[in-house]
Amino acid sequence: MSTLQEKEHPNKAFGWAARDTSGVLSPFKFSRRATGEKDVAFKVLYCGICHSDLNMVKNEWGFSVYPLVPGHEIVGEVTEVGSEVQKFKVGDRVGVGYFVGSCRSCDSCKDDLENYCPKIILTSGAKYHDGTITYGGYSDTMVVDEQFIVRIPENLPLDAAAPLLCAGITVYSPLRYYGLDKPGLHIGVVGLGGLGHVAVKFAKAMGVKVTVISTSPTKKKEALENLGADSFLVSRDHHQLQGASGTLDGIIDTVSAEHPLLPLIGLLKSNGKLVFVGVPEKPLELPIFPLLQGRKMVGGSTTGGMKETQEMIDFAAKHNVKPDIEVVAMEYVNTAMERLLKADVKYRFVIDIGNTLQATS
């Protein structure tokens, strides 16, 4: 007997979904809408695994809808375009990130900042314009409005491009917006994980001096030799922090765990900026007096608009910025999620959808 998800749209689709808060993923038959006038349909070839996928499948943010097909770092090849599509054709290499829709009329949308639209439609587990629920990239096909698709340059490998659609834009956007992209500036990157390692690579490609700040001394060699950082600070070593006091123009903080902010503020020069892209579960304590003393700024940022995401992808292709990835088969996804929970990956998992999803169907 067919399920509602299989019958609500005309085109059959297949993926892996979580059915409940256990977060365990298993094969799932559903359907995709017919390709509309402004839609692009594409075969999914790779999909990155983001930590927010883990949050969503376990309903840790409280708004997950089951069955839930995760995945918002999606790349593939166009198979069909609608009659009014202008930017893409069959055979093009394309990508989709964190969202697939917005209102297009608010100030954010008009400013090419669809990621801040109050009516943003997430790629997975959100209600679309037609009232149906969106299903993400742990699946064989996608149908997305061309407005929310980016082109992947030929010289950027598709598997490496996938994590850039979330992790990449999440660190690229604040580097640009907060003016931390100028050659000769000195920035800090807190945390050397999925976000942090990409932040180091983008900043270095922009000509910026980079200091990695981590709780783990064992990551020093990796940061300096493999990722190209200029220096390394152990955030629990007060002598090291004291020696670097007032040396940074800005800090990109990628950490999602609870951590003290006072030592980081102390590393900033006057007018320095502390920018958060990680999401700690509990509120952090923000000491105000040290901000006043140096006219320092605290800010935040999340993903980026479509125009900037395309700019980021083009920049990555031009400057050979590629995340360090571990490519896995679809049937390995639950193990990958368990490893991600333990930070046991360098630095992003990418599912080989094109070669391994059908084998499990």
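Rules and cut-offs
Residues numbered from 1 in each chain as written. Predicted model: local features only at pLDDT ≥ 70, side-chain atom pairs only at ≥ 80, totals over all residues. Heavy atoms only, no water. Helix = DSSP H or I, 4+ residues; strand = E, 2+ residues; numbered from the N terminus. Rg over C-alpha atoms; globule rule 2.2 N^0.38 Å. Buried < 20%, exposed > 50% of the residue type's maximum accessible area, 1.4 Å probe, protein only. Contact = heavy atoms within 4.5 Å. Areas by Shrake-Rupley, 256 points an atom, 1.4 Å probe, with all protein chains shown as cover. Lys, Arg positive; Asp, Glu negative; His and termini not counted. Charge placed at Lys NZ, Arg CZ, Asp CG, Glu CD. Axes fitted to C-alpha atoms, helices over the stretch in contact; angles between N-to-C directions. Parallel < 35°, antiparallel > 145°, perpendicular 65-115°, else oblique. Left-handed = near helix turned anticlockwise from the far one by under 90°. Nonpolar A, V, L, I, M, F, W, Y, C, P; charged D, E, K, R; others polar. Pairing = 2+ DSSP bridges. 1 Å grid on protein atoms, 1.4 Å probe; cavity = no way out; pocket = protein on both sides within 12 Å on 5 of 7 lines; lining within 4 Å. Points joined across faces, edges and corners; volume = space filled by probe spheres on them. UniProt positions renumbered as here; feature names shortened; annotations may be inferred. Phe/Tyr/Trp six-rings, centres within 6.5 Å; stacked < 30°, edge-to-face > 60°. Salt bridge = Lys/Arg side-chain N within 4 Å of Asp/Glu carboxyl O.

With respect to the overall build of the chain
Here is step 1: Across its full length, the chain carries twelve helices and 17 strands.
Here is step 2: By the compact-globule yardstick of 21 Å for 361 residues, the chain fits well, its C-alpha radius of gyration being 21 Å.
Here is step 3: The C-alpha extent of the chain, read off along each of the three principal axes, is 65 × 40 × 35 Å.
Here is step 4: Within the span of the chain, comprising 361 residues, buried residues form 57% of the whole.
Here is step 5: Relative to all contacts within the chain whose residues are 6 or more apart in sequence, the contacts with residues 24 or more apart total 66%.
Here is step 6: When the accessible area of the chain is evaluated, it comes to approximately 16000 Å², of which 51% is carbon and sulfur surface.
Here is step 7: Placing the 38 positive and 41 negative side-chain charges of the chain at their respective mean positions leaves the two points 3 Å apart.

Comments concerning the packing of helix 4 (residues 158–177) against helix 5 (residues 194–205)
Here is step 1: Running from N to C, helix 4 and helix 5 cross one another at 55 degrees; their axes reach a closest spacing of 9 Å. By the angle class used here, helix 4 and helix 5 are oblique. Note that helix 4 runs across helix 5; the crossing there is right-handed. Packed against helix 4, whose contacting residues are Leu164, Ala167, Gly168, Thr170, Val171, Tyr172 and Leu175, the element helix 5 presents Gly194, Leu195, Val198, Ala199, Phe202 and Ala203 at the interface.
Here is step 2: Partitioned by chemical class, the residues of the contact of helix 4 with helix 5 number ten nonpolar, three polar and no charged.

Looking at the sheet that holds strand 12 (residues 231–234)
Here is step 1: Read across the sheet, six strands follow the order 12-11-10-13-14-15 without closing on themselves; strand pairing throughout is parallel. Two strands bound the open sheet, and with one partner strand each, they are strand 12 and strand 15 (297–300). Neighbour-to-neighbour, the strand axes of this sheet turn through a mean angle of 20 degrees, independent of strand direction.
Here is step 2: By the bridge criterion, four bridges tie strand 10 (residues 186–190) to strand 13 (residues 248–253) in an arrangement that is parallel. In the sheet register, Gly188 faces strand 13, and the bridge partner there is Ile251.

Focus: empty space enclosed by the protein
Here is step 1: Following the criterion strictly, the structure yields three cavities of 30 Å³ or more and no others.
Here is step 2: By volume, the largest cavity is sized at about 190 Å³.
Here is step 3: Arg32, Arg33, Thr134, Tyr135 and Val143 are, among the 16 residues lining the largest cavity, the residues nearest its centre.
Here is step 4: The element that contributes the greatest number of residues to the lining of the largest cavity is strand 8 (residues 141–145), accounting for four residues.
Here is step 5: Its residues placed into classes, the lining of the largest cavity shows seven nonpolar, five polar and four charged.
Here is step 6: Reported here for the second largest cavity is a volume of approximately 80 Å³.
Here is step 7: The wall of the second largest cavity is formed by Ser52, Asp53, Met56, Trp61, Leu68, Pro70, Gly71, His72, Tyr98, Leu122, Thr123 and Ser124.
Here is step 8: Ranked by residue count, the leading element in the lining of the second largest cavity is helix 2 (residues 51–57), at three residues.
Here is step 9: Taken together, the residues of the lining of the second largest cavity sort by class into six nonpolar, five polar and one charged.

Let's talk about the UniProt feature "domain: Enoyl reductase (ER)" (unreviewed entry) in the chain
Here is step 1: On the UniProt side, "domain: Enoyl reductase (ER)" (unreviewed entry) is annotated at positions that read residues 23–351 here.
Here is step 2: Helix makes up 28% of residues 23–351 and strand makes up 26%, while its end C-alpha atoms are separated by 17 Å.

So, the packing of aromatic side chains
Here is step 1: Scanning all chains against the criterion turns up nine aromatic pairs.
Here is step 2: Centroid distance Tyr172 to Phe202: 5.3 Å. Interplanar angle 70 degrees. Geometry classified as edge-to-face. Separated by 30 residues along the polypeptide, Tyr172 in helix 4 and Phe202 in helix 5 bring together distant segments of the chain.
Here is step 3: Since its relative accessible area comes to 0%, Tyr172 is described here as buried.
Here is step 4: Three or more aromatic residues link up through ring pairs in this structure, and these residues are Phe28, Phe30 and Tyr135.

Regarding the pattern of salt bridges
Here is step 1: This structure, assessed with the given rule, holds 15 salt bridges.
Here is step 2: A salt bridge links Arg33 to Asp39; the nearest nitrogen and oxygen atoms lie 2.9 Å apart.
Here is step 3: Take Asp39: its relative accessible area is 7%, and that puts it in the buried class.
Here is step 4: Because the salt bridges share partners, they merge into one network encompassing Arg176, Asp181, Lys182 and Glu311.

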